[in-house]
Amino acid sequence: MTDTATRYLYLARHGEASEDETTLTESGRRQAVLLGERLRNTPLSAIHHGPLPRAQQTAQLISAQLDAVPLHQSELAGDYVPYLPAKEELPPDSADAMLNFLAQVPEEERNRGPALAREALAEFTGPVDGDRPRHELVVTHNFLIGWLIRAALDAPEWRWMGLNHSNAALTAIRYAPGRPSSVLFHNDMRHLPAELRWTGFPPELHI
């Protein structure tokens, strides 16, 4: 029988992006550097990131603060809709609003997303082979972070919606053999000064 060990999965949304999303803002670059500094004492074996510039640049800036942690670009860490719910799955009082939101997402993201999301679960979650814990970082986008959190909590598949993540905030999930997955913390911004926190959230939700 193959031994298995605990996987620690760290999830980070990209830093604040420019209006056209082609690059990070100066604040976004600072956010990424500070997140990298926070992770210096974490024994990361890899940084996975999505292909879009805002995720790629964030991962590169984080990596520059660390000691030779390899970067891996992955479509699985991209920006896509992970699950398309039917109306009857959703709470009656919010179903229409949620479906209207999804209808605004480009059709390509809606169509290819569910298959990528299933692959992301297989690739990034669960205990790992071997006898040593593995620590990995995925630099990605709101939708995938919500999808992986809801899976860790065994929540309904539609519940990836409504889980928001600030730019360059950090979430950690533990997958230990023989134990349920555990969300250790979510949307943690302690590495960011006050002026760099809560970006990516509507102003009325800044706390």
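Keep in mind the model is a prediction, meaning the values are calculated, not measured. (Residues numbered from 1 in each chain as written. Predicted model: local features only at pLDDT ≥ 70, side-chain atom pairs only at ≥ 80, totals over all residues. Heavy atoms only, no water.)

Colleague: How do you make sense of the pattern of salt bridges when you look at a structure like this?
Modeller: Opposite charge on two side chains allows them to pair when their charged atoms are near. Following the criterion strictly, the structure yields eleven salt bridges and no others. A salt bridge links Arg-54 to Asp-79, with the shortest nitrogen-to-oxygen separation between them at 3.0 Å. Of this pair, Arg-54 sits in helix α2 (residues 53-64) while Asp-79 sits in the loop between β4 (71-73) and α3 (95-103), placing them 25 residues apart in sequence. You'll find Arg-54 and Asp-79 in the same group, each marked buried. Notably, a salt bridge pairs Arg-112 with Glu-108, separated by 3.9 Å at the nearest N-O pair. (Salt bridge = Lys/Arg side-chain N within 4 Å of Asp/Glu carboxyl O. Helix = DSSP H or I, 4+ residues; strand = E, 2+ residues; numbered from the N terminus. Buried < 20%, exposed > 50% of the residue type's maximum accessible area, 1.4 Å probe, protein only.)

Colleague: For this particular structure, what's the right way to read the nonpolar core?
Modeller: Counting residues in hydrophobic clusters, the biggest one holds 29 residues, and the most contacted among them are Leu-9, Leu-11, Trp-147 and Trp-160. Elements with a minimum of two residues in this core: β2 (7-13), α3, α4 (107-124), α5 (142-152) and β7 (170-175). If you tally residues by element for this core, the top one is α5, at seven residues. For Trp-147, the contacting residues outside a window of four places in its chain are Pro-82, Tyr-83, Ala-117, Leu-121, Glu-157 and Trp-160. (Core = buried A, V, L, I, M, F, W, Y, C linked by side-chain atoms within 4.5 Å. Contact = heavy atoms within 4.5 Å.)

Colleague: Before we go on, may I ask you to explain α5 in this structure?
Modeller: Structural remark: α-helix, 3.6 residues per turn; residues separated by three or four positions point the same way. Burial within α5 is extensive, with eleven of its eleven residues counted as buried. When α5 is considered as a whole, its buried residues turn out to be Asn-142, Phe-143, Leu-144, Ile-145, Gly-146, Trp-147, Leu-148, Ile-149, Arg-150, Ala-151 and Ala-152. Considering only its buried residues, α5 is in contact with β2, α3, α4, β6 (134-140), β7 and β8 (182-188). Looking one or two places after α5, you find Asp-154, whose phi comes out positive at around 55 degrees.

Colleague: Just to check I follow, could you spell out the sheet that holds β6 for this structure?
Modeller: Taken in spatial order, the six strands line up as β4-β3-β6-β2-β7-β8 in an open sheet, and their pairing is mixed. Since the sheet does not close on itself, it has two edges, and those belong to β4 and β8, each with one partner. In this sheet, neighbouring strand axes are inclined to one another by 20 degrees on average, regardless of whether the strands run parallel or antiparallel. In the sheet, β2 pairs with β7 via six bridges, with the strands oriented antiparallel. Its bridge partner being in β7, Arg-7 is matched across the sheet by Tyr-175. (Pairing = 2+ DSSP bridges. Axes fitted to C-alpha atoms, helices over the stretch in contact; angles between N-to-C directions.)

Colleague: What should I look at first to understand the pairing of β7 in this one?
Modeller: In the case of a regular strand, side chains alternate between the two sheet surfaces. For β7, a buried count of five out of six residues is recorded, marking the element as mostly surrounded by other parts of the structure. Linking two consecutive strands that pair antiparallel, namely β7 and β8, is a turn of six residues; a positive phi of about 75 degrees is found at Gly-178 within it.

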